[in-house]
Amino acid sequence: MVKNFWNKEIGLKANNELKTSFMTKEIKANKNVFGSMNISCGSILMNNIITHMQDFIKSNLILKNTKFIYAYLNGYFSGEAYVGKRQIQVASKDTNQIDFVTKLLDTLGIRYGLGSESINSPPRILISRIDNFIELYENNVFDMHPSKRSSLIKRLLDYKNKYRLLINSEFRGKLNNELFQLTKLISKRNLSVKLKVKNL
């Protein structure tokens, strides 16, 4: 009974991995029986539950809300992406992760290319085009990584005459102002790190 309950609620197979017990709780004089599980940290079952929760959150929460998508990309790109002169690259050995990120980009209408796996590089997502860069910038992607955020801004400022309609003087002023603030922040952090190392 309890195994079937957990199977139905969290989508795990009711097999011998489920160690169950009963808990009785009295609510308004009515006794209700609930299922409970004893799970060891690091067990196969714990891994299955976490994996299932991640899949559930990705499919039922993140993919269905644009704000959540940009928040996810902000965190993931801040940690894993490389901002090059004309391209943003995101590499991962986890093909499921690559597939999920491409779904997010498809949902947002951001165009990308895919780099195949090689001896020196895992599969990767390649994002170029100024309109994609502006889309990521305007939705605060890389906000969690000042250095990568400033690199993105520098890439945008590098585009000149050909894209003057996309990057007009007002937008360029906004970019320069944020770049100035980020440069100060990065310099302050670097100085703080140097002082800490010196005092060790």
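Procedures and definitions
The residue numbering used here restarts from 1 in each chain and proceeds along that chain's sequence as written. Only residues with pLDDT of at least 70 are given local features in this predicted model, and only at 80 or more are side-chain atom pairs given and counted; all residues enter the totals for whole chains, interfaces and linings. To obtain the side-chain values, all non-hydrogen atoms of the structure were included, while hydrogens and water were left out. Note on conventions: DSSP H or I runs of at least 4 residues are helices, E runs of at least 2 residues are strands, and numbering of each starts at the N terminus. Pairs of N or O atoms within 3.5 Å make up the polar contacts considered here, provided that, within protein, one atom can donate a hydrogen while the other can accept it, and that residues adjacent in sequence are counted only when both atoms are side-chain atoms. Any two residues having at least one pair of non-hydrogen atoms within 4.5 Å are treated as being in contact. At least two bridges found by DSSP between two strands are what make those strands a pair. Each reported salt bridge corresponds to a side-chain nitrogen of Lys or Arg within 4 Å of a carboxyl oxygen of Asp or Glu. Buried residues are those whose accessible area, probed at 1.4 Å on protein chains only, stays under 20% of the maximum for their type, while exposed residues exceed 50% and partly exposed ones sit between those limits. Each residue carries a pLDDT score, the predictor's confidence in it, ranging from 0 to 100. Helix axes are fitted to C-alpha atoms over the stretch in contact, other axes to C-alpha atoms as well, and angles between N-to-C directions run from 0 to 180 degrees. Roughly parallel here means an angle under 35 degrees, roughly antiparallel means over 145, roughly perpendicular means 65 to 115, and every remaining angle is called oblique. By the definition used in this description, the sense in which the near helix is turned from the far one sets the handedness, with an anticlockwise turn below a right angle giving left-handed and a clockwise turn giving right-handed. Residues were grouped as follows: Ala, Val, Leu, Ile, Met, Phe, Trp, Tyr, Cys and Pro as nonpolar; Asp, Glu, Lys and Arg as charged; and all remaining residues, including Gly, as polar.

Side note on the side chain of S92
By the secondary structure assignment, S92 is in the loop between β4 (88–91) and α4 (95–108). Reaching out from S92, the side chain makes a polar contact with the backbone nitrogen of D94 at a distance of 3.1 Å. Setting aside anything within four residues of it in sequence, one finds S92 in contact with Y76, Q97, I98, P122 and P123.

A look at the pairing of strand β6 (residues 124–127)
In this sheet, β6 lies alongside β4 in antiparallel orientation, the contact comprising 4 bridges. Considered in β6, the bridge of I88 is made with I127. For strand β5 (residues 113–115) and β6, the ladder comprises 3 bridges, and the chain directions are antiparallel. Bridging from a neighbouring strand, G115 pairs with R124 of β6.

Things to note about the pattern of salt bridges
Tallying each qualifying case throughout the model produces 6 salt bridges. When the shortest N-O distance is used, the salt bridge between K174 and E138 registers 3.4 Å. Pair noted here: K174 is in helix α7 (residues 169–198) and E138 is in helix α5 (residues 130–138), with a separation of 36 residues, a long-range link. In this structure, E178 engages R149 in a salt bridge whose closest nitrogen and oxygen atoms are separated by 2.8 Å. Taken as a pair, E178 in helix α7 and R149 in helix α6 (residues 146–158) lie far apart in primary sequence, 29 residues in all. Here E178 and R149 have matching classes, each one buried. Because the salt bridges share partners, they merge into one network encompassing R111, R129 and D131.

A short note on the confidence of the model for the protein chain
Looking at the protein chain, the pLDDT average stands at 80 and 72% of residues meet or exceed 70. Of all secondary-structure elements in the protein chain, the lowest mean pLDDT belongs to strand β1 (residues 20–27), at 40, while β6 reaches the highest, 95. pLDDT under 50 marks residues 16–34. Its contacts with residues more than four places away, or in other chains, come to 34 contacts.

Quick look at α5
Along α5, the residues classified as buried are I130, N132, F133, I134, L136 and Y137. Immediately beyond the C-terminal end of α5, within one or two residues, lies N140, with a positive phi of roughly 65°.

A closer look at the packing of α5 against α6
Interaxial distance between α5 and α6 falls to 10 Å at its minimum, and their mutual angle equals 140°. Taken together, the axes of α5 and α6 lie oblique to each other. For the pair α5 and α6, the crossing hand works out as left-handed. Residues I130, F133, I134, L136 and Y137 of α5 pack against R149, L152, I153, R155 and L156 of α6. Among the residues forming the contact of α5 with α6, the class breakdown is 8 nonpolar, no polar and 2 charged.

Overview of the environment of T102
Mapped onto the elements, T102 comes out in helix α4. Along the chain, T102 and L114 lie 12 residues apart, while their C-alpha atoms are 9.2 Å from each other. For T102, the residues in contact, after removing those within four places along its chain, are Y112, L114 and I125. Here the side chain of T102 touches D99 through a polar contact of 2.7 Å, landing on its backbone oxygen.

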